[in-house]
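Observations on the three-dimensional arrangement
One letter stands for each residue in the lines below.
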Amino acid sequence: MTSPLLTNQPAAADPQPEPLALTPQLRDELAGASQALEQATPEQIIAWAVDRFFPRLTMATAFGPEGCVIIYLLSRIQPQTYVFNLDTGYQFQETLELRDRLAQKYGILVQLKKPELTVAQYEAKHGGPLYQTNPDQCCLDRKVKVLREAVQGMHAWMSGIRRDQSPDRAAAPIVGWDSRFNLVKISPLANWTKSDVWKLILQEGIPYNRLHDQGYPSIGCWPCTQSVMFGQDERAGRWSGSAKTECGLHGMEFEQGGGI
Ligand code: SF4
């Protein structure tokens, strides 16, 4: 069954809302919510986020299994939520096709947010692909800066990170404050395991990236993603062979402790 297609653009009303400031009151509220939601289901966490922040609530997705699960849940809770993808120009064709399949099934058309320069312009400017020589700069230019732009006017964003994905993510709160983007950050799947996610995907027939069936547990840009061996860490195929583990979108907010 297909759903009517929504464009999932940011809300038009109130075009220049005040950015959210982390006041002591907000800090207390978020810490309390995070604690209260610790045993909640992803559906309950998303419903809380929608009640509290929609339409200033957004979600960034790279179309991983977790993002697909959140899109499925949003289609039942608030399908007009603004969902976007950082379209670096280096994504797999399978990833972009998944966007179409999700739109067809759930009516949620994930917006593609692109960097200022095309891949050809960017590589010409830097004398070749920067992902080979300076992947941090490449991620900064083609992901982090684009995300900063995409969340203008938003007060909260959701991500699909899970605590069991990697040591970097083990302390992720359910609700936290993301000081890099000045947004409340909600992780509805923080307490879920990989098998919880896949159980729901298979049970509900949620579309997922076909590359997962070819040995790619975690999929980002094609130059920085490899298949992994059975038993390897699920993010081992990302920036394989380098010390880099994250693209700069997730991480630092967890250092603040206490769930904020
Ligand atoms: S994941 Fe790789 S190709 Fe994609 S933005 Fe980062 S360095 Fe560039």
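If you're wondering where the values come from, they're calculated on a predicted model, not measured in any experiment.

About the cut-offs
- Residues numbered from 1 in each chain as written.
- Predicted model: local features only at pLDDT ≥ 70, side-chain atom pairs only at ≥ 80, totals over all residues.
- Helix = DSSP H or I, 4+ residues; strand = E, 2+ residues; numbered from the N terminus.
- Buried ≥ 20, exposed ≤ 12 C-beta atoms within 10 Å, placed from the backbone.
- Contact = placed C-beta atoms within 7 Å.
- pLDDT = per-residue confidence, 0-100.
- Pairing = 2+ DSSP bridges.
- Axes fitted to C-alpha atoms, helices over the stretch in contact; angles between N-to-C directions.
- Expected span 1.5 Å × (residues − 1).
- Bend = angle between axes of the 7 residues up to and from the residue.

**Topic: the overall build of the chain**
- Along the backbone of the chain there are eight helices and six strands.
- Sequence-ordered secondary structure for the chain, helices as α and strands as β, is α-α-β-α-β-α-β-α-α-α-β-β-β-α.
- Across the 260 residues of the chain, 40% fall into the buried class.
- Considering only residue pairs separated by 6 or more positions, the chain has 78% of its internal contacts joining residues 24 or more positions apart.

**Topic: the confidence of the model for the chain**
- With 80% of its residues at a pLDDT of 70 or more, the chain has an overall mean of 87.
- When the elements of the chain are averaged for pLDDT, helix α6 (residues 130-133) gives the smallest value, 92, and helix α2 (residues 42-53) the largest, 98.
- In this model, residues 252-260 is a region of pLDDT below 50 whose contacts with residues beyond four sequence positions or in other chains number 23 contacts.

**Re the sheet that holds strand β3 (residues 111-113)**
- Read across the sheet, six strands follow the order β3-β2-β1-β4-β6-β5 without closing on themselves; strand pairing throughout is mixed. Each edge of the open sheet carries a strand with a single partner, namely β3 and β5 (175-178). Taking each pair of neighbouring strands and ignoring which way they run, the sheet shows an average axis angle of 35 degrees.
- Two strands pair when backbone bridges link them, and strand β1 (residues 57-60) and strand β2 (residues 82-86) are joined in this way by three bridges, in the parallel orientation. Bridge pairing links T58 to Y82 in β2.
- Those strands touched by helix α1 (residues 24-36) are β5 and β6 (183-186), and its axis lies near 140 degrees from that of β5.

**Digging into unusual backbone geometry**
- Here the residue pair F54 and P55 is connected by a cis peptide bond, since its omega of 10 degrees sits within 30 degrees of zero.
- On the secondary structure map, P55 appears in the loop between α2 and β1.
- Of note, F63 is a non-glycine position whose phi angle comes to about 65 degrees, a positive value.
- In this fold, F63 is placed in the loop between β1 and α3 (65-77).
- Looking at F63, the number of C-beta atoms within 10 Å reads 25, which means it is buried.
- You will see that N182, though not glycine, has its phi angle at about 55 degrees, which is positive.
- Within the secondary structure, N182 sits in the loop between β5 and β6.

**Looking at helix α7 (residues 135-150)**
- For α7, spanning 16 residues, the distance from its first C-alpha to its last is 21 Å, which sits close to the expected 22 Å at 1.5 Å a residue.
- Along α7, the helix axis deviates most sharply at D141, where the bend reaches about 35 degrees.
- When α7 is considered as a whole, its buried residues turn out to be C138, C139, R142, K143, V146, L147 and A150.
- Each element contacted by the buried residues of α7 is listed here: β1, β2, β3 and α6.

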